[in-house]
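Survey of secondary and tertiary structure
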Amino acid sequence: MTETTNSYNMPDERGHFGPYGGLFIAETLIPAVEELEAAYKKYMVDAEFLAELDKDLQHYVGRPSPLYHAERWSRELGGAQIYLKREDLNHTGAHKINNTIGQILLAKRMGKTRIIAETGAGQHGVATATVCARLGLECVVYMGAVDVARQIQNVYRMELLGARVVSVTSGSKTLKDALNEAIRDWVTNVDNTFYIIGTAAGPAPYPAMVRDFQSIIGREAKQQCLTQAGKLPDVLIACIGGGSNAIGLFHPFIDDADVKMIGVEAAGDGIESGRHSAPLCAGRPGVLHGNRTYLMADDDGEIIATHSISAGLDYPGVGPEHSWLKDIGRAQYVSITDKEALEGFYALTRMEGIIPALESSHALAYAMKLAPTMQSDEILIVNLSGRGDKDMQTIANHEGVQI
Amino acid sequence: MSRLATKFAEFKQSGHKALIPFITAGDPNPEFTVPMMHAMVEAGADIIELGVPFSDPMADGPVIQRASERALEHKMSLRRTLEIVSEFRTNNQTTPVVLMGYANPVEAMGYESFALAAKNAGVDGVLTVDLPPEEAEECAALLNSYNIDQIFLLAPNSSTNRIKKMDSVGSGFLYYVSVKGITGAGNLDTSDVQRKLIDIRANTQLPVGIGFGIKDAETAKIIAGLGDAVVVGSALISKIEANLTAPEVAKQDIIELLKSMRFAMDNQD
């Protein structure tokens, strides 16, 4: 009998994860994604490229990021042992730089001189502006006007780094509109411009490429967990906006069938209120921003306005691989409200002296619910995807405090 | 043969160049659209392109974005756009109508339901901006089975191989996007278009419509000398936007612009 392997091997050669993913873009962008696809395929197996990437990840980003056993918080919750994958300790304060450092190296090899990006919370914008400053490349970041207002410190950081931040006033003035505007720029300046998409979504090859750059999170976590605890984790938890930090943690564990994977979407004011950003929990499949995936859309296919306390999760779509993992049942997707996320935020801050980003606080809040239902010898890894410095204004406003 | 193919075959015989105005269904209000379509035919339009409003029109410039927003405020949708086509068809059975829009409203309706509804409404062609041949197979086959053409785009950076691909998958006509950019772009260079058309003509017998950035009669005349059809959109919608409180004035301005384009296109030097 021939031995068969069941190892996970997505996407297919056309960028499809089952019915999801694909290449839903205007004709002018086809040559650009074909060029990118060729470069991605070539360099992801190129020893020199990978060595440069590893070197930058170690000495510039500060990898590996620690896997920290939150002993006090685990004891307090009285269940599973909670470990935090400390992506908040990366240079620029979030997981986003794992991807921008990779894409900028590709852009450099492709001879592109101008970089554009979209950003929600501003973390991806900052991570893009950072790598552009380092290589002396022109950088334009599109950001919804609503997000500019609530993440003003990140706007200032991007400008200090030499980027031009364009405030987008069309549509709902949040992340989806920033993406629309970035795509319009890309179509117009396609010859010299490289679009660094910040999440594992968009036309092929972006979902797989961003996942590959972010998978360093899961590869490290797996090794660290084996070293520290002597076994694989039982559960992985990560927040989901577009889902890049989650897919980065999940992907290296997909073939480990005993490891449960849970993605946490933003329930905003509550799923039943309609004011949320939870397409996997309460949306339907459709096409937006270059890929087919779960979306928040009405019966006519118009995209619905989203809501979340965290700008980074305030997006009506999600990376297509999560749609696939949901449909095949390999990952589970849940949601956490603004109010619950704040409880997660305060808990970690007070219990462990770590101020998490509001995005990551969604994952922490779900861990607070799940950990007490688990045994004390079970291991739960939460991806602490970013630090909370950028959210001080939002938290202060919430508390009615002037800072 | 589809209504579009028949028309273009006639035009080829007579040397006539098609004028294709684009307006967004339901802009500035739903009642405006059908009378405007009839008036455009009167003014010399050969084919009408009707924009299906979408919340996130990624390939459109500000003018058509705002047209979409105005239409959506009136709850315009793909279904209601099809109703508009049906209504237009009660008094006009000969002018081809092409829908131009984005994939998600079609996905929401379902390809099969959409193809059938489009046929019943009297639609002749469907141009879905974010549905390139890589993803269009299922939708195009269903539309073709009802004698509706799926219209594909070509761009200034499309390779010769790409043109050949469009020739094999496309029908009705190919739409050449004359600038790298979004609708209403201001950087149209007609000599670039002329150069690109040599490559396109060498690789397809399909009629070629040219659009993006054509704003006046003079440009329409030059473009008509290069392609088989001239598409004008943002320049018309700008008239609507300039007269939001007086749609009848907008209608007159649109008629005048189209007439001037028609005259210029028909009187090549």
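First, a word on scope: everything that follows refers to the structure included in this document. Computed from a predicted structure; not experimentally measured. (Residues numbered from 1 in each chain as written. Chains lettered and ligands numbered in written order. Predicted model: local features only at pLDDT ≥ 70, side-chain atom pairs only at ≥ 80, totals over all residues. Heavy atoms only, no water.)

Attention now goes to the overall build of chain A. Regarding its fold elements, chain A presents 16 helices and 14 strands. In terms of overall dimensions, chain A is globule-like: its C-alpha atoms have a radius of gyration of 20 Å, near the 22 Å expected for 403 residues. Dimensions of chain A, computed from the C-alpha atoms along their principal axes, are close to 70 × 55 × 50 Å. Expressed as a percentage of the 403 residues in chain A, the buried residues total 63%. Contacts spanning at least 24 positions in sequence make up 74% of the contacts within chain A whose residues lie at least 6 apart. (Helix = DSSP H or I, 4+ residues; strand = E, 2+ residues; numbered from the N terminus. Rg over C-alpha atoms; globule rule 2.2 N^0.38 Å. Buried < 20%, exposed > 50% of the residue type's maximum accessible area, 1.4 Å probe, protein only. Contact = heavy atoms within 4.5 Å.)

To continue, consider the overall build of chain B. Counting its regular elements, chain B contains 12 helices and 9 strands. Here chain B has a C-alpha radius of gyration of 17 Å; the compact-globule value for 269 residues is 18 Å, and the two agree. Projected onto the principal axes, the alpha-carbon positions of chain B cover approximately 45 × 40 × 30 Å. By the burial criterion, 64% of the 269 residues in chain B qualify as buried. Contacts in chain B between residues far apart in sequence, at least 24 positions, make up 73% of those at least 6 positions apart. Side chains of chain B carry 24 positive and 34 negative charges; the gap between the two charge centres is 3 Å. (Lys, Arg positive; Asp, Glu negative; His and termini not counted. Charge placed at Lys NZ, Arg CZ, Asp CG, Glu CD.)

Turning our eyes to something else, we now look at the pattern of salt bridges. All names here are of chain A. Summed over all chains, the structure comprises 39 salt bridges over all chains. Of the charged contacts, one joins E359 and K390 as a salt bridge, the two residues approaching to 2.7 Å between their closest N and O atoms. You can see E359 sitting in helix α15 (residues 358–370) and its partner K390 sitting in the loop between β14 (379–384) and α16 (392–399), a full 31 residues away along the chain. Here E359 and K390 have matching classes, each one buried. Through salt bridges with shared partners, a single network forms among R63, K85, E87 and E220. (Salt bridge = Lys/Arg side-chain N within 4 Å of Asp/Glu carboxyl O.)

Moving on, we get to the sheet that holds strand β6 (residues 138–144) of chain A. Residues and elements named next belong to chain A. On the basis of which strands lie adjacent, the open sheet formed by 4 strands has the order β7-β6-β5-β8 and parallel pairing. Each end of this open sheet is capped by a strand with a single partner; those strands are β7 (164–168) and β8 (193–195). Each strand axis lies, on average, 25° off the axis of its neighbour in the sheet, ignoring direction. (Pairing = 2+ DSSP bridges. Axes fitted to C-alpha atoms, helices over the stretch in contact; angles between N-to-C directions.)

Our focus in this paragraph is the pairing of strand β3 (residues 97–101) of chain B. Within a regular beta strand, the side chains point alternately toward one face of the sheet and then the other, so they alternate between its two faces. Residues and elements named next belong to chain B. Buried residues dominate β3, accounting for 5 of its 5 residues. Burial along β3 is two-sided: V97, L99 and G101 facing one way and V98 and M100 facing the other are all buried. Two elements, strand β2 (residues 48–51) and β3, share 4 bridges in a ladder whose sense is parallel. If you follow E49 over to β3, its bridge partner there is V98. In terms of strand pairing, β3 meets strand β4 (residues 125–128) through 4 bridges, oriented parallel.

So, on to the interface of chain A and chain B. With 36 residues of chain A at the interface, the matching set in chain B holds 35 residues. The largest contributions to the chain A side of the interface with chain B come from A:E27, A:R184 and A:E302, which together make up 24% of the buried area. Inspection of the chain A/chain B interface yields 4 salt bridges. A:K176 is the partner of B:D56 in a salt bridge, and the nearest nitrogen-oxygen pair spans 2.7 Å. Where chain A touches chain B, the interface holds 16 residue pairs in polar contact (both at pLDDT 80 or more). At the level of elements, β2 (20–24), α1 (30–43), α8 (175–188), β11 (284–288) and β12 (290–295) of chain A are the ones that each hand at least two residues to the side of chain A that touches chain B. Here the side of chain A that touches chain B takes 8 residues from α8(A), the largest share from any one element. (Buried area = accessible area lost by both parts, 1.4 Å probe. Polar contact = N/O pair within 3.5 Å; in protein donor to acceptor, adjacent residues only side chain to side chain.)

What follows concerns the packing of helix α9 (residues 206–214) of chain A against helix α10 (residues 216–229) of chain A. All names here are of chain A. Contact geometry of α9 with α10 gives a least axis separation of 5 Å together with a crossing angle of 35°. Contacts from D212, F213 and Q214 of α9 reach α10 at I216, I217, G218 and R219. In terms of residue class, the contact of α9 with α10 is made up of 3 nonpolar, 2 polar and 2 charged. (Nonpolar A, V, L, I, M, F, W, Y, C, P; charged D, E, K, R; others polar.)

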